[in-house]
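Residue strings, one per chain:
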Amino acid sequence: MADWKQVAARLFPDVTRTPDDLEALYPPRALAEGARVTRIAPSPTGYLHLGVFFTALVNRLTASTTNGVFYFRLEDTDKKREVEGGADDILKGFNDYGLTIDEGFVAPGVVHGDYAPYQQSQRVDLYHVYVKSLVEQGLAYPCFCSEEERQQAREAQEAAKCRTGYYGPYAKCRALTPDEALARIDAGTPCVVRLRSGGDESRRIAFTDLIKGKIEMPENDEDLVLLKSDGVPTYHFAHAVDDHLMRTTHVIRGDEWISSVPKHLELFRVLGFKPPKYAHVAPLMKEDGGGKRKLSKRKDPEAAMHYYASEGYPADSVLEYLFTVVNSDFEDWRRCNPDANRAAFPFNFKKMSVSGALFDLAKLSDVSKNVIARMTADEVTDAVLAWAKDYDPTFYETLAADPAFARGIFAIDRGGAKPRKDMAKWSDAPDYAAYFFDGGMDDGWELPEHLKAADAVAVLQAYKVAYDPAADKDAWFAAVKALCEPFGFCPDVKEYKKHPDDFKGHVGDVSTILRLAVTGRRNTPDLCAIMQLLGKDRVIARIDRAIQNLSE
Ligand code: GLU
């Protein structure tokens, strides 16, 4: 009479190593007490989803705040979902947003670390060592049910109104003896390998999720597939083996996996592994029609990290905003520590949303305006050029034709105590900078209703005479002020407010006339600086054009 050892040997004739060998090969990490080892384990599906980035950020912070390790493992066992170069795009996304990875895949084409391989398709030998051992112990068994048989069984379960799945009395191949199993293997019948579950659906297990708190669920009693018929593991089994061998202490992942925890805990138990701590991250939410819904990969462009690059949100803005989403007290911390490095923020699972944090693009824009307002002219110019090169070639050429002029545009009103907050993203730059270029100035502007064209013409004509291109800010303003009285405008706003009927307007209206003539806009940064940058010829040409337009 054959035993399970013989079945195991027949299934895995080439496996010579034992679980103990692998324990020795991948020893516990030499880290200080309390250091947490975390990971992000995406499938190479081609694009980096905001949800994955967010989960990675939580993993990164968990490791960083405990002097631990954050590594990247590629879960590439599902060839149907795989996209050529899909891992590189994901890694580039992490790199571009400054989310550093300590180990495993750290950048496109760069892998390092002592717990290699970090790619599941290259770990098949390791999985087989454990499956073989489980089969030897009678804790796993080959199942020869075909897809059609499985389908029929499911339909029968549905018709009988019982839970579908391969468990207890419905686990047909569980009853096979080693001799019967050997006979089928020898006959060449394809098989998967299943766990012989010791669980009982009527019993409950409890565990503490670090984000969601205490959770109770029925025990797993399914005879899970561990290895598929092609020898490739299922997610569940690979999770247990990989996270044990890579010595992960905290498994932080999307909460779609929470219902699988009873399966995972059973796997860790039968494999003799200490289970990791679990933290399940709720999906990011979006306000929609007065309610909240999950951010959707299909409907919401902002669900892809690529969106932020193409819109030109600085990486720093995206991270700064995501910190406010990660932990509800980040904003308070930032107020107290305006210049501190985010890495010093004391991240805490307890401050995470249990049901799903709101992701709000308007709030991201506010955060980003502040981030951009603190950047230097050189930083802004370089970033705008880099963005435009990829996403707005015409604008790129316009700027690159005269880099000093471009720098001049972004230097205006920058660096002072109260910097302007006009731009939230680099794709705002073409509009922001349009009027600096002759072709980009909008001539369709209109005077505010209370001003008359004839008065504006008179002001502009007088300004042309008074205009001194070399004037500094004070002299420039004095010249504008000097235009007021001769044309019936009040040079003092307070005075004007006391007797508005005595004047055609005040000094602000005079500068509005000049601003409209020179830029086509009512609202711009410092007009004196704009005129200095534009230079005398352009300023005069624009004033002449305005006089002409107003006179028509
Ligand atoms: N490959 C799994 C996924 O992409 C990873 C889940 C996990 O972090 O364990 O959803």
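These numbers come from a predicted model, not from an experiment.

Caption draft 1: A look at the environment of Tyr130. Within the secondary structure, Tyr130 sits in helix 5 (residues 124-136). The class of Tyr130 is buried, set by a relative accessible area of 2%. Sequence separation between Tyr130 and Gly272 is 142 residues, and the spatial gap between their C-alpha atoms is 11 Å. Excluding residues that lie within four positions of it along the chain, Tyr130 makes contacts with Pro19, Leu22, Glu23, Phe237, Val241, His244, Leu245, Leu271 and Phe273.

Caption draft 2: Structural context of the site of the ligand. Contacts to the ligand come from Arg39, Ala41, Ser43, Glu75, Tyr235, Arg253 and Trp257. Taking Arg39, its side chain carries an N or O atom lying 2.7 Å from an oxygen atom of the ligand. Ala41 has a polar backbone atom sitting 2.8 Å from a nitrogen atom of the ligand. Protein contacts shield 82% of the accessible area of the ligand, which totals 290 Å² for the unbound molecule.

Caption draft 3: View of the pattern of salt bridges. If you walk through the whole model with that rule in mind, you get 41 salt bridges. In this structure, Arg203 engages Glu219 in a salt bridge whose closest nitrogen and oxygen atoms are separated by 3.0 Å. Pair noted here: Arg203 is in the loop between strand 6 (192-195) and strand 7 (204-209) and Glu219 is in the loop between strand 8 (213-218) and strand 9 (225-227), with a separation of 16 residues, a long-range link. Judged by its relative accessible area of 17%, Glu219 falls in the buried class.

Caption draft 4: Quick peek at unusual backbone geometry. The linkage connecting Ala116 with the following residue, Pro117, adopts the cis geometry, with an omega of -5°. Along the chain, Pro117 falls in the loop between strand 4 (110-112) and helix 5. Its identity as a non-glycine residue notwithstanding, Lys161 has a phi of 55°, on the positive side. Take Lys161: it is sitting in the loop between helix 6 (147-159) and helix 7 (178-186). Here the phi dihedral of Asp413 falls at roughly 60°; this positive angle occurs in a residue that is not glycine.

Caption draft 5: The packing of helix 1 (residues 4-11) against helix 7, seen in detail. Where helix 1 contacts helix 7, the two axes come as close as 9 Å, and the packing angle between them is 15°. In terms of orientation, helix 1 lies roughly parallel with respect to helix 7. Like other packed secondary-structure pairs, helix 1 and helix 7 cross with a definite hand, here left-handed. Packed against helix 1, whose contacting residues are Trp4, Gln6, Val7, Arg10 and Leu11, the element helix 7 presents Pro178, Ala181, Leu182, Ile185 and Asp186 at the interface. A breakdown of the residues in the contact of helix 1 with helix 7 according to their chemical character gives 7 nonpolar, 1 polar and 2 charged.

Caption draft 6: Structural view of the sheet that holds strand 9. Overall, antiparallel pairing links the 3 strands, which are arranged 5-6-9 in an open sheet. Only two strands of the sheet have a single neighbouring strand rather than two, namely strand 5 (140-143) and strand 9. The mean inter-strand angle of the sheet, taken between neighbouring strand axes irrespective of direction, is 45°. As defined by bridge partners, strand 5 adjoins strand 6 across 4 bridges and the pair is classed as antiparallel. In the sheet register, Cys143 faces strand 6, and the bridge partner there is Val192.

Caption draft 7: Molecular detail of the side chain of Arg60. Within the fold, Arg60 resides in helix 3 (residues 50-64). For Arg60, a relative accessible area of 9% gives the class buried. In this structure, Arg60 is in contact with Phe70, Leu99, Thr100, Ile101 and Asp102, ignoring residues within four places of it in sequence.

Caption draft 8: Layout of the pairing of strand 2 (residues 69-72). Burial along strand 2 is two-sided: Val69 and Tyr71 facing one way and Phe70 and Phe72 facing the other are all buried. Both strand 1 (residues 37-40) and strand 2 contribute to a ladder of 4 bridges, which runs parallel. Residue pairing in the sheet places Thr38 in a bridge with Phe70 of strand 2. This β-α-β element, strand 1 to helix 3 to strand 2, shows right-handed connectivity. Across 2 bridges, the pairing between strand 2 and strand 3 (residues 103-107) is parallel. By the bridge assignment, Tyr71 is partnered in strand 3 with Glu103.

Caption draft 9: Summary view of the environment of Pro19. You can see Pro19 is positioned in helix 2 (residues 19-25). Taking relative accessible area as the criterion, Pro19 reaches 22% and is therefore assigned partly exposed. A sequence separation of 215 residues divides Pro19 from Thr234, and the C-alpha atoms of the two residues are 19 Å apart. In this view, Pro19 contacts Val129, Tyr130 and Ser133; residues no more than four positions away in its chain are not counted.

Caption draft 10: A look at helix 14 (residues 377-391). Compared with the 21 Å implied by 1.5 Å per residue over 15 residues, the 21 Å span of helix 14 between its first and last C-alpha is a close match. Ala377, Val380, Thr381, Val384, Leu385, Trp387 and Ala388 are the residues of helix 14 that are buried. For helix 14, the secondary structure elements touched by its buried residues are helix 10 (305-311), helix 13 (361-373), helix 15 (393-400), helix 16 (403-411) and helix 17 (429-433).

Caption draft 11: Region of the structure containing the nonpolar core. Counting 109 residues, the largest nonpolar core has Phe53, Phe72, Phe94, Val135, Phe237, Leu271 and Tyr308 as its most contacted members. The element that contributes the greatest number of residues to this core is helix 3, accounting for 8 residues. Residue contacts for Tyr308: discarding those within four places in its chain leaves Leu50, Tyr97, Glu302, Tyr313, Val318, Phe359, Leu361 and Leu364. Within the second largest apolar cluster, 57 residues are counted, among which are Ile409, Phe437, Leu451 and Ala529.

Caption draft 12: Broad picture of the state of the cysteines. Summed over all chains, the structure comprises 0 disulfides. Free of any disulfide, Cys143 has its nearest neighbouring cysteine sulfur in Cys145, separated by 3.9 Å.

Caption draft 13: Spotlight on the sheet that holds strand 1. Pairing within the open sheet is mixed, and its 4 strands lie in the order 1-2-3-4. The outermost strands of the open sheet, each flanked by one partner alone, are strand 1 and strand 4. Looking at each pair of strands side by side, their axes are set apart by 35° on average, direction ignored.

Caption draft 14: Region of the structure containing the packing of helix 14 against helix 15. Contact geometry of helix 14 with helix 15 gives a least axis separation of 6 Å together with a crossing angle of 140°. Relative to helix 15, the element helix 14 lies oblique. Here the hand of the crossing between helix 14 and helix 15 comes out left-handed. Of helix 15, the residues touching helix 14 (which contributes Val384, Leu385, Trp387, Ala388, Lys389 and Tyr391) are Pro393, Phe395, Tyr396, Leu399 and Ala400. Residue classes in the contact of helix 14 with helix 15 are distributed as 10 nonpolar, no polar and 1 charged.

Cut-off values and rules
- Residues numbered from 1 in each chain as written.
- Predicted model: local features only at pLDDT ≥ 70, side-chain atom pairs only at ≥ 80, totals over all residues.
- Heavy atoms only, no water.
- Helix = DSSP H or I, 4+ residues; strand = E, 2+ residues; numbered from the N terminus.
- Buried < 20%, exposed > 50% of the residue type's maximum accessible area, 1.4 Å probe, protein only.
- Contact = heavy atoms within 4.5 Å.
- Near = heavy atom within 4 Å.
- Polar contact = N/O pair within 3.5 Å; in protein donor to acceptor, adjacent residues only side chain to side chain.
- Areas by Shrake-Rupley, 256 points an atom, 1.4 Å probe, with all protein chains shown as cover.
- Salt bridge = Lys/Arg side-chain N within 4 Å of Asp/Glu carboxyl O.
- Axes fitted to C-alpha atoms, helices over the stretch in contact; angles between N-to-C directions.
- Parallel < 35°, antiparallel > 145°, perpendicular 65-115°, else oblique.
- Left-handed = near helix turned anticlockwise from the far one by under 90°.
- Nonpolar A, V, L, I, M, F, W, Y, C, P; charged D, E, K, R; others polar.
- Pairing = 2+ DSSP bridges.
- Right-handed = clockwise from strand over helix to strand, strands pointing away.
- Expected span 1.5 Å × (residues − 1).
- Core = buried A, V, L, I, M, F, W, Y, C linked by side-chain atoms within 4.5 Å.
- Disulfide = S-S within 2.5 Å.

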